[in-house]
Amino acid sequence: MKTLSLKNLAKTYFDPYAGSHVNAVHDVSLNVEQGEFVSVVGPSGCGKTTILNMIAGFIPYTGGEILLDGKPVREPGPERGVVFQSFALFPWKTVLDNVGFGPKMRGVPKAERDRIAREYLALAGLSHAAHRYPNELSGGMQQRVGVVRALANNPDVLLMDEPFASVDAQTRMTLQEELTRIWQERKPTVLFITHDVSEAVFLANRVVVLSKGRILDQVEVDLPRPRVWDDLVKDDKFKQLSARVLQMVRAA
Amino acid sequence: MNILLQCWSGYARMTRRWPALAAIVPFIPVVALWSAVAAAGIFPRAFFPGPVDVVNSFFTLIYKGILPDYLGDSLIRLFTGAAVGMALGIPLGVLIGTSRWAHRICWPILLFFQAIGDIAWLPILLIWFGFGLTTMTFVIVYTVLFPVVLNTVLGVESVPRDLARAARSLGASPARVLWEVTLPGALPNIITGLRNGLGYGWRALIAVEMIVSTSGIGFMMFDARRAGSTVEILLGMIILGLLWYIVDAWILAPLERATGQRWGLVTS
């Protein structure tokens, strides 16, 4: 079992203008089991993106530890795939080459990585766009590419940093439904950062509420799958859970 | 009125078929005015020759083999200098753009030397290297270097941080990030730098050839002054403009557009 575990994770910045230390994250402990979908939700400035950046290895942490499969995490690595709010697709590469980038870095030959990329593009319904460049796609399509690019590298854990925050509301719902579908098919381990409570509840098995750099509470989401918005907006349990999480976030 | 519209429509269609035509047409009134002034005989013809005289001298000099030789010399000097300038400038620009320390150390020095223009180096270069190829190459490399370095730095710094992060978390080593992300991301700016560098270099070369050289277009023009041949001076000037127009509009600008626009890095 490849568990992602955060043990008393902390991040302290020194703010040279204020001349003092700032605790962005303190004492966060969290386990994400293999195949689990965990949402982290909290108001802006609560440290959720900082936590994700530390797990991804983009910024160093100053206390505690991050373990993946028992091994400490210090630098970025392909076993932790990242989906960015800004999509972060390579503008000079076609969609196919973007998705095949991870395999390319592993030394997979061209024909094989094209086959892998096509398989994942089909998963997101993007086969027709294989030879286009990212700037020729809509925002929603770009982020589909962003998701399958990370998945095609077969990471142990998928880190998603408010990935749907910059697409329009209708597209966002479609992307959320697609993500739950893909998750059910492939069962990747996902840590999903968002400030949107209903998104967090809709997607996850478990919602972690973060406030001022600390975990406030965790809520199990045992809604049946497949989840589609048309059903869930009418579902009492979904409404209850969302209301509960929202209350925590607002009180935070 | 109708005839004017017809003419306009004909012109629009012609220029769409042969875009080069649109670049030539604006020169028609310029050349016409020049012919008229020359033909009016206000100035002595030896001082102010007309277009026909210049074209004649063009063919004479080609026939004698002087013009092709000189043009070849100038272009080889320019492209050698540009190649060396790029070979130095792109790595230096990448270093300064990626390392905060290199930036702190090199940037003030760079701006200092940028202010000492190409020609300002000539006195000391003539003492060190004498009248020759080394001096000319130095000036060209120097002139090309700054726009290439400064634009490369700009390009490297404009690559979004998330792109490098994405590449790293997809398994790219820092060296591969440089090759797969930083360089392609900076490429449109590097080409802009090259385009500016070649433009400055071309002008600097002509200036240096006048002082230092025994061949090249700049030398031809200065030598013509000694011989009092206004025609050859004008011919030299026209060749400078024409050649640059061809290199810039037909090679460099399309290259710049092809990278930037295709990737959506440059709008319009």
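For the structure, check the block above.
Keep in mind that what you see is a predicted model, and the values were worked out from it rather than measured.

Novice: Is there a simple way to think about the overall build of chain B in this case?
Specialist: A count of helices and strands for chain B gives twelve helices and zero strands. In terms of overall size, chain B is more extended than a compact globule, its C-alpha atoms giving a radius of gyration of 23 Å where 268 residues would be expected to give roughly 18 Å. When the 268 residues of chain B are sorted by exposure, 35% land in the buried category. For chain B, contacts bridging at least 24 residues in sequence account for 70% of all contacts bridging at least 6.

Novice: What exactly am I supposed to notice about the environment of L205 of chain B here?
Specialist: Residues and elements named next belong to chain B. Within the secondary structure layout, L205 lies in helix α10 (residues 174–212). Residue classification places L205 among the buried residues on the basis of 27 C-beta atoms within 10 Å. C-alpha separation for the pair L205 and I217, spaced twelve residues apart in sequence, amounts to 9.2 Å. Ignoring sequence-local partners within four residues, the contact set of L205 consists of S74, R77, L78, I140 and G218.

Novice: Help me understand the sheet that holds strand β6 (residues 80–83) of chain A in this model?
Specialist: Across a sheet, strands are paired by hydrogen bonds formed along the backbone, either parallel or antiparallel in direction. Residue and element names in this part refer to chain A. With mixed pairing, six strands are arranged side by side in an open sheet as β6-β7-β8-β3-β9-β10. The open sheet has two edge strands, β6 and β10 (214–220), and neither has a second partner. In this sheet, adjacent strand axes meet at a mean angle of 20 degrees when their direction is disregarded. Strand direction decides the pairing type here: strand β3 (residues 37–41) and strand β9 (residues 206–211), joined by four bridges, are parallel. Within β9, the residue paired with V41 across the bridge is V209. Together, β3, β9 and β10 form the strand contacts of helix α9 (residues 236–251), whose direction differs from that of β10 by roughly 175 degrees.

Novice: Help me understand the interface of chain B and chain A, please; the structure alone is not making it clear to me.
Specialist: Accessible area lost on assembly of the parts is the figure often given for the size of an interface. In this complex, chain B contributes 17 residues to the contact, which on the side of chain A involves 21 residues. Put simply, the parts of the chain that give the side of chain B that touches chain A at least two residues each are α9 (161–169) and α10 of chain B. With six residues, α9 of chain B is the single largest residue contributor to the side of chain B that touches chain A. Of the residues that constitute the side of chain B that touches chain A, the class distribution is nine nonpolar, three polar and five charged.

So, how was this worked out
- Residues numbered from 1 in each chain as written.
- Chains lettered and ligands numbered in written order.
- Predicted model: local features only at pLDDT ≥ 70, side-chain atom pairs only at ≥ 80, totals over all residues.
- Helix = DSSP H or I, 4+ residues; strand = E, 2+ residues; numbered from the N terminus.
- Rg over C-alpha atoms; globule rule 2.2 N^0.38 Å.
- Buried ≥ 20, exposed ≤ 12 C-beta atoms within 10 Å, placed from the backbone.
- Contact = placed C-beta atoms within 7 Å.
- Pairing = 2+ DSSP bridges.
- Axes fitted to C-alpha atoms, helices over the stretch in contact; angles between N-to-C directions.
- Nonpolar A, V, L, I, M, F, W, Y, C, P; charged D, E, K, R; others polar.

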